[in-house]
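# Secondary and tertiary structure notes
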Amino acid sequence: MHADADIARRIWRAAMLRRLPLWVLGALPWLSLRLLPGLLAWIAWCMWDGARLRQRVSHGWVSWLDAEVPELEDSSALLVDADTPLARLQRKRLLARIAERLDARTVRAIVRRHVDMGLSWLAPWLAFAAVVWYFGQQGAATQAPAPAVKAPAAKAAALPELRLTATPPAYTGLARSEGAARHLELPEGSKLAWCLQNPEAGQTILELSDGRTLNVGAQCAELTATESLFWRWRGARYTLKVTPDAPPQITVTQPTQMIQELKPDAKSATMALTVRDDYAVRRATLHLTLARGSGENIKFTDREMPIPGANDARVRNWAKQWTLAELGMEPGDEMYFFVRAVDNAAKPHTLQSPTYTLRLPAPEQEEEEQTSAMPMLVKPQSLRSQRQIIIDTEQLIADMKATRMAASEVRERSEAIAADQGQLRRRYGQFLGEESTLFGGEAEHDDDHGHAPKNGQIDVLHEFGHAHDEAENATLYDEGTKKILRRALVAMWDAEKALRAITPKTALAPELKALDAIKELQQADRIYLHKAAFVPPPIKEAIRMTGDVIGTSSYRRAQGEAQDGIPVPLRELVTALSTEGALPALWTRTAHDWVRERLNDDEQRLAAQRAIQDVADGCLRCRPTLRAWLRAGVAQAPVILQAKPVAQTPFTQAWIKGAPK
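Only a predicted model underlies this, so the values are computations on that prediction, with no experimental measurement involved.

Criteria and cut-off values
Just so you know, the residues in each chain are numbered from 1, in the order the chain's sequence is written. In keeping with the model being predicted, local features are shown solely for residues with a pLDDT of at least 70 and side-chain atom pairs are shown and tallied solely at 80 or more, while totals for entire chains, interfaces and linings include all residues. Neither water nor hydrogens contribute to the side-chain values; these are computed over all heavy atoms in the structure. The set of buried Ala, Val, Leu, Ile, Met, Phe, Trp, Tyr and Cys residues whose side-chain atoms join them within 4.5 Å is what this entry labels a nonpolar core. For the exposure calls, accessible area comes from a 1.4 Å probe over protein chains only, and a residue counts as buried if that area is under 20% of its type's maximum, exposed if over 50%, partly exposed in between. The secondary structure listing takes helices from DSSP runs of H or I that are at least 4 residues long and strands from runs of E that are at least 2 residues long, numbered from the N terminus. Any two residues whose heavy atoms approach within 4.5 Å at even a single point are treated as in contact. Patches here: salt-bridge-free residues with over 30% relative accessible area, like charges joined within 9 Å, nonpolar side chains (Val, Leu, Ile, Met, Phe, Trp, Tyr) joined within 5 Å. Here the Shrake-Rupley method, with its probe set to 1.4 Å, supplies the accessible areas, and only the displayed protein chains count as covering residues. Think of a salt bridge as a Lys or Arg side-chain nitrogen and an Asp or Glu carboxyl oxygen that are within 4 Å of each other. Only when DSSP finds a minimum of two bridges between them are two strands counted as paired. Geometry is summarised by axes, namely lines fitted to C-alpha atoms with helices restricted to the contacting stretch, and by angles between N-to-C directions that run from 0 to 180 degrees.

## A look at the nonpolar core
Ranked by size, the top nonpolar core spans 27 residues in total, and within it Met271, Val275, Leu286, Leu288, Leu327 and Met329 carry the most contacts. Elements that contribute at least two residues to this core include exactly strand S10 (249-254), strand S12 (268-276), strand S13 (281-294), strand S15 (315-323), helix H6 (324-327), strand S16 (334-343) and strand S18 (356-359). Looking at this core element by element, the count peaks at five residues for S13. Residues contacting Met271, with those up to four places away along its chain left out, are Gln254, Leu286, Leu288, Trp318, Ala319, Lys320, Trp322, Leu327, Phe337 and Leu358. Membership of the second largest hydrophobic core comes to 23 residues, among which are Leu192, Leu208, Trp233 and Val242.

What follows is the structure, given as structure tokens:
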């Protein structure tokens, strides 16, 4: 039994003992007269008085404790409602203090101050009993002046019997359920119908947590479940939990890595996957893309094949060992594949798995012998493009995050990308003449370059003119193009250094910078038009300096005002909830709209809607709870910054300069 219930029961017991003398003394005259109607009337009044006293104790015992026990520090409300961990901790402390302070004498003193004995009710009943005894002594004939005899009770009105029917959507395959009012958990889109089994009992009203009401009478009330809510009928609340349809889940078990490197002598490749859904998988397809070639000459071939179903519509397990001939792979090719699945919901969900890669390495080729006798037979070196280097780097970073790769494998792949970056850097370095100018700076030269004086004479041109030929000046590109080339080469060198240091994440930024520079070089021959600048309207000399302001407007731009995130009706409602006064008009609509818009979690929204109903029913203790839920919907307070215009005149400037420091 809870501690708060025990304390309330002790106070209620003491209040009953306080009123017990009144109830006993009021029954003695009727017992002495042996008048059953009078005794029954007194018993009925005692029951009414006891119910009124119990209601008074249940609503006031918390404030009575705060007034009589200073050690509780006006925190007795936590004994009834302690929702947060901090409140529960404070509640334990209060219970410890009450155990030491609240004894039987203190309870009687609290009740004595707030509950009277009610002897003022005894005098009228004694007078009434005396009148009845007097007329009985006079021998009144048939009817003594007793309380009016109640008319025969009419036949009790029939209570309405509610029947709830829940019909899940057809795509779920779930059976329809029917029964009495109860808690339900249904899929999203289910149909609910409330019907009366005895329509002759009259119409009844259902209150929904979002503020709506449903009338159930001769016709059934229907509702489509789109969100979680609760409904109230005859004082009882019933929760309707709505479960949204989940998207399919795709699990690829083979290959085990995002990028699978096949052996050079491999003849087959295995693919295995599983597709699951909460109700049924309507369609699942495997998409294959074959990449062949290298450098900028890469060709892609796409294929799509359906994944067959099984006995269980919710699961599709598929596995196949492909031969390389079936996949069409040759040495040096790459196969990319992913899975796409669609469920059978009313609004189907489409999910796509990550892309997996199968690589079949090309055999190593011996370098062809290059001689001056066969200059035209030399094939150009195959280079990776900058975009492909960026893709490989991003894939390496993703694999490092997704799987635990061995350090040796990370180093090997990073150094391979660095080698490709170095080859591409040297290729673009040829356009600057030599690799010595990769860093864009001027090389430091020593003063001694072997220009010794001949026959006692100094070659002034070579000594002081420093007229060395520069490899960069040997090209025919303009200075702007050279700057872009230097920027691209510096970025490639930074990326190569980071990749050789096994930090691919650091290399990604300079790689992107190098790609931007290469694109700028490729588009250098395009023609761009400059944007038209602002041309102010011509000044009308006829009205200048005349003071005529017709048709003129301020040149100052109006300041943007920050949007107020808290509407005025809600601010007024929160302020009113902090008191016990009247609430604003249509406050329930304001509260429901705010809760539905700002509280996305089902449990939080339902708790806030319960607080709205309790406050609407007149619960004063529930106002702080509703106020807290409304304040929880404020994500961030608006901040409005407004500049204050200050006119700077010659007088104010002179005043500021002449002001004492």
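From this point, the discussion proceeds with the structure in view.
## Some points on a nonpolar patch on the surface
Taken together, Leu17, Leu20, Val24, Leu25, Leu28 and Leu31 make up a surface patch of nonpolar side chains, about 540 Å² in accessible area. With respect to the helices and strands, Val24 occurs in helix H1 (residues 3-33). A relative accessible area of 44% means that Val24 is categorised as partly exposed.

## Observations regarding the pairing of strand S6 (residues 213-216)
Residues Leu214 and Val216 point to one face of S6 and are all buried, whereas Thr213 and Asn215, pointing to the other face, are not buried. Direction of pairing for strand S5 (residues 204-208) relative to S6: antiparallel, over a ladder of four bridges. Considered in S6, the bridge of Glu207 is made with Thr213. The turn joining S5 and S6, which pair antiparallel and follow one another in sequence, is formed by four residues; a positive phi near 100° is taken by Gly211.

## Side note on the sheet that holds strand S7 (residues 221-224)
The strand order S2-S1-S4-S7 describes an open sheet built from four strands, whose pairing is antiparallel. Since the sheet does not close on itself, it has two edges, and those belong to strand S2 (177-179) and S7, each with one partner. Each strand of the sheet is rotated relative to its neighbour by a mean of 15°, with strand direction disregarded. Judged from the three bridges that link them, strand S1 (residues 162-167) and S2 form a sheet pairing that is antiparallel. Looking at S2, one finds that Leu164 is bridged to Gly179.

On their own, these measurements won't tell you what the molecule is for.
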